[in-house]
Amino acid sequence: DSGVTQTPKHLITATGQRVTLRCSPRSGDLSVYWYQQSLDQGLQFLIQYYNGEERAKGNILERFSAQQFPDLHSELNLSSLELGDSALYFCASSVSPSETQYFGPGTRLLVL
Amino acid sequence: QKEVEQDPGPLSVPEGAIVSLNCTYSNSAFQYFMWYRQYSRKGPELLMYTYSSGNKEDGRFTAQVDKSSKYISLFIRDSQPSDSATYLCAMRAAGNKLTFGGGTRVLVKP
C-alpha cells in the first residue's frame, strides 16, 4: 500500500457525461500528479500540482481539468466524455517536485 | 520516435532464471532513472531509483544506467512466479515530469 488513495475504484458512464475522480496523497506529500493509462498509449502524464498550485502540464485535453485543495487532496474532472477516454487514471504523490512519486491504485473509467 | 523505448514483450522465463529488462532513451537531459512494477490493474510500485550512471543493487534487483549509451537495465535474479508483472522504466530531467516507457510484460513460469 503506497498510502495514496483514489476514489472511486471503478466508474461506468455514458458519452457526453462528466465525472470527477478524487485523490488523497500520502501524508506529508505536497505534490500530486495525474496520469492516464490506456492500452495503446501507455502511462501518460496529465498534470501536476504542488501545494495547491499548478506546476506542470502534460498531454491533458481541454475537456479535462484538475485542482488541488487546501487539504492537499486533488480532483480530476473529465467532461464531454468520449469512448476514447476509457482508461485507468492514476494519481501519484511526492513530498516535493523533485522527490520520488508514489502511485495510487487507480480509477478505472469505462465510457459507453 | 518516442523519447523512451521499451520492448513490450512478453518475456517468458522459467522460475529461478535471471530476468533482463532494458530501456533506451533519446533525451540526454534525463538524470533520474526509475523502475516500477505494475501488477494487472494495480498502480505502479517503485522498485529502483538511481541517479546518473552506475549500478544499484537491492536484494534480487540490480539497476544499471549507462548515460553514454542512453541505456538502462534492470536485472531480477532468482526470478519467482510472483515477479510476473509489467515492468515500466521511467526517467526525468532536473524538472519533475516523468517520462515512462511502454512497459515490458514478464511471465515467470513455475
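No experiment lies behind these values; they were computed from the predicted model shown. (Residues numbered from 1 in each chain as written. Chains lettered and ligands numbered in written order. Predicted model: local features only at pLDDT ≥ 70, side-chain atom pairs only at ≥ 80, totals over all residues. Heavy atoms only, no water.)

Caption draft 1: Structural detail: the interface of chain A and chain B. Taken together, the contact pairs 18 residues of chain A with 14 residues of chain B. Carbon and sulfur atoms make up 55% of the area that chain A and chain B hide from each other, which totals about 1,400 Å². Considering only the surface of chain A that becomes buried against chain B, A:Leu43, A:Thr100 and A:Phe103 emerge as the three largest contributors, covering 31% of it. Remark: the boundary between chain A and chain B carries zero salt bridges. The interface formed by chain A and chain B contains two residue pairs in polar contact (both at pLDDT 80 or more). A per-class count over the side of chain A that touches chain B returns 10 nonpolar, six polar and two charged. (Contact = heavy atoms within 4.5 Å. Buried area = accessible area lost by both parts, 1.4 Å probe. Salt bridge = Lys/Arg side-chain N within 4 Å of Asp/Glu carboxyl O. Polar contact = N/O pair within 3.5 Å; in protein donor to acceptor, adjacent residues only side chain to side chain. Nonpolar A, V, L, I, M, F, W, Y, C, P; charged D, E, K, R; others polar.)

Caption draft 2: Structural detail: the state of the cysteines. Residues and elements named next belong to chain A. Taken as a whole, this structure holds two disulfides over all chains when the rule is applied. Between the sulfur atoms of Cys-23 and its disulfide partner Cys-91 the distance amounts to 1.8 Å. Of note, the bridge from Cys-23 to Cys-91 carries an S-S torsion of about -50° and is left-handed in sense. You can see Cys-23 sitting in strand 3 (residues 19–24) and its partner Cys-91 sitting in strand 9 (residues 87–94), a full 68 residues away along the chain. Taken individually, Cys-23 and Cys-91 each receive the classification buried, so the pair is uniform in this respect. (Disulfide = S-S within 2.5 Å. Helix = DSSP H or I, 4+ residues; strand = E, 2+ residues; numbered from the N terminus. Buried < 20%, exposed > 50% of the residue type's maximum accessible area, 1.4 Å probe, protein only.)

All quantities given are derived from atomic positions and should not be read as evidence of function.
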